[in-house]
Amino acid sequence: GDSVTQMEGPVTLSEEAFLTINCTYTATGYPSLFWYVQYPGEGLQLLLKATKADDKGSNKGFEATYRKETTSFHLEKGSVQVSDSAVYFCALRTPNAGGTSYGKLTFGQGTILTVHP
Amino acid sequence: DGGITQSPKYLFRKEGQNVTLSCEQNLNHDAMYWYRQDPGQGLRLIYYSQIVNDFQKGDIAEGYSVSREKKESFPLTVTSAQKNPTAFYLCASSITGAKHFGDGTRLSIL
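So, here is what we can say about the structure in this document.

Definitions and cut-offs
Residues numbered from 1 in each chain as written. Chains lettered and ligands numbered in written order. Predicted model: local features only at pLDDT ≥ 70, side-chain atom pairs only at ≥ 80, totals over all residues. Heavy atoms only, no water. Helix = DSSP H or I, 4+ residues; strand = E, 2+ residues; numbered from the N terminus. Rg over C-alpha atoms; globule rule 2.2 N^0.38 Å. Buried < 20%, exposed > 50% of the residue type's maximum accessible area, 1.4 Å probe, protein only. Contact = heavy atoms within 4.5 Å. Areas by Shrake-Rupley, 256 points an atom, 1.4 Å probe, with all protein chains shown as cover. Lys, Arg positive; Asp, Glu negative; His and termini not counted. Charge placed at Lys NZ, Arg CZ, Asp CG, Glu CD. Pairing = 2+ DSSP bridges. Axes fitted to C-alpha atoms, helices over the stretch in contact; angles between N-to-C directions. Core = buried A, V, L, I, M, F, W, Y, C linked by side-chain atoms within 4.5 Å. Phe/Tyr/Trp six-rings, centres within 6.5 Å; stacked < 30°, edge-to-face > 60°.

## A short note on the overall build of chain A
Then, number 1: What chain A contains, in helices and strands, is 0 helices and 12 strands.
Then, number 2: Each helix (α) and strand (β) of chain A, taken in turn from the N terminus, gives the series β-β-β-β-β-β-β-β-β-β-β-β.
Then, number 3: For chain A, whose C-alpha radius of gyration is 14 Å, the value lies close to the compact-globule estimate of 13 Å for 117 residues.
Then, number 4: For the C-alpha atoms alone, the extent of chain A along its principal axes is close to 50 × 30 × 25 Å.
Then, number 5: Counting over 117 residues, chain A shows a buried share of 43%.
Then, number 6: Within chain A, counting contacts between residues at least 6 apart in sequence, those at least 24 apart form 56% of the total.
Then, number 7: A total accessible area of about 5,500 Å² is found for chain A, and carbon and sulfur atoms account for 50% of it.
Then, number 8: Measuring between centres, the 9 positive side-chain charges of chain A sit 9 Å from its 11 negative side-chain charges.

Listed below in structure tokens is the structure:
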């Protein structure tokens with residue numbers, strides 16, 4: 001079945017440091033890939049997505065490139081801020097057999113990021 | 001503003017009781033989902049519904065029930081058969097795949 005593996009946290013960085021959170025996946029077919037962010041006490045927010053190989057998703061200084069050859073979708077940011085402290089989830093979605101957009105999301109276990117001033 | 005509203009934010013249940021978690025959306029989305037979040041385990045799908053009056057079991061449906069009588073509403077009942085209900089429950093909806101999430105309900109056992 002489909003699965004997503006994220007690097008284990010927690011990750012602790014100083015402000016302005018470079019961030020990488022690794023994500024690899026196993027899926028049948030051609031999944032879409034997502035990064036979600038969860039701030040304390042809140043639900044998940046979509047951070048970025050990529051729907052086909054070599055696509056790069058980007059938002060708020062975060063980037064991730066869909067690498068089919070390595071089945072990876074690593075999240076990066078060049079200079080983190082204290083406000084980036086949150087839990088980050090990598091996820092994939094494969095369409096239903098009928099090709100509709102209702103395919104369920106499979107999530108990684110989440111990576112806690114803490115950024116210190 | 002459009003969005004997903006989950007209520008209550010915190011919920012306490014006594015042993016042997018059923019409790020119902022509310023999820024309402026005004027995004028006009030067809031599909032709605034319930035996830036359970038436990039520390040270190042990410043999110044696991046409980047139930048999902050693609051259209052009114054239809055729903056399917058997810059990966060961990062045992063001990064839960066849902067209904068979808070209206071497009072806007074997808075309540076989740078945690079029954080007494082769910083032996084470990086303490087968790088953070090997230091509702092989501094979607095129309096083109098990318099999901100919108102509510103702020104969650106934290107359920108605890110007294």
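And the narrative resumes.
## Regarding the sheet that holds strand E8 (residues 62–65) of chain A
Residue and element names in this part refer to chain A.
Then, number 1: On the basis of which strands lie adjacent, the open sheet formed by 4 strands has the order E3-E9-E8-E7 and antiparallel pairing. Both outer strands of the open sheet, strand E3 (19–21) and strand E7 (56–59), are each paired with one neighbouring strand and no more. Across the sheet, the axes of successive neighbouring strands diverge by a mean angle of 15°, strand direction being ignored.
Then, number 2: Bridge count for E7 against E8 is 4 bridges, and the pairing is antiparallel. When the sheet's bridge partners are listed, Ser-58 is paired in E8 with Glu-63.

## Notes on the nonpolar core
Then, number 1: In this structure, Leu-19, Trp-35, Leu-47, Leu-48, Phe-73, Leu-75 and Tyr-88 of chain A are the most contacted members of the largest nonpolar core, which totals 25 residues.
Then, number 2: Elements with a minimum of two residues in this core: strand E2 (11–14), E3, strand E4 (23–26), strand E5 (32–38), strand E6 (44–50), E8, strand E10 (86–93) and strand E12 (111–116) of chain A.
Then, number 3: Among the elements that line this core, the one with the most residues is E10 of chain A, at 4 residues.
Then, number 4: Beyond its immediate sequence surroundings of up to four residues, Leu-48 of chain A is in contact with Leu-33, Phe-34, Trp-35, Gly-57, Ser-58, Asn-59, Phe-62, Glu-63, Ala-64, Phe-73 and Leu-75 of chain A.
Then, number 5: Counting 20 residues, the second-largest nonpolar core is a separate cluster that includes Val-19, Ala-61, Val-66 and Tyr-89 of chain B.

## Comments concerning the packing of aromatic side chains
Then, number 1: On inspection of all chains with the given rule, the structure shows 13 aromatic pairs over all chains.
Then, number 2: For the pair Tyr-36 of chain A and Phe-107 of chain A, a centre-to-centre distance of 5.9 Å together with 50° between the ring planes defines the contact as tilted. Taken together, the positions of Tyr-36 of chain A in strand E5 and Phe-107 of chain A in strand E11 (residues 105–107) put the pair 71 residues apart, joining distant regions of the chain.
Then, number 3: Taking the centre distance of 6.0 Å and the plane angle of 80° together, the rings of Tyr-47 of chain B and Phe-55 of chain B count as edge-to-face.
Then, number 4: Since its relative accessible area comes to 8%, Tyr-47 of chain B is described here as buried.

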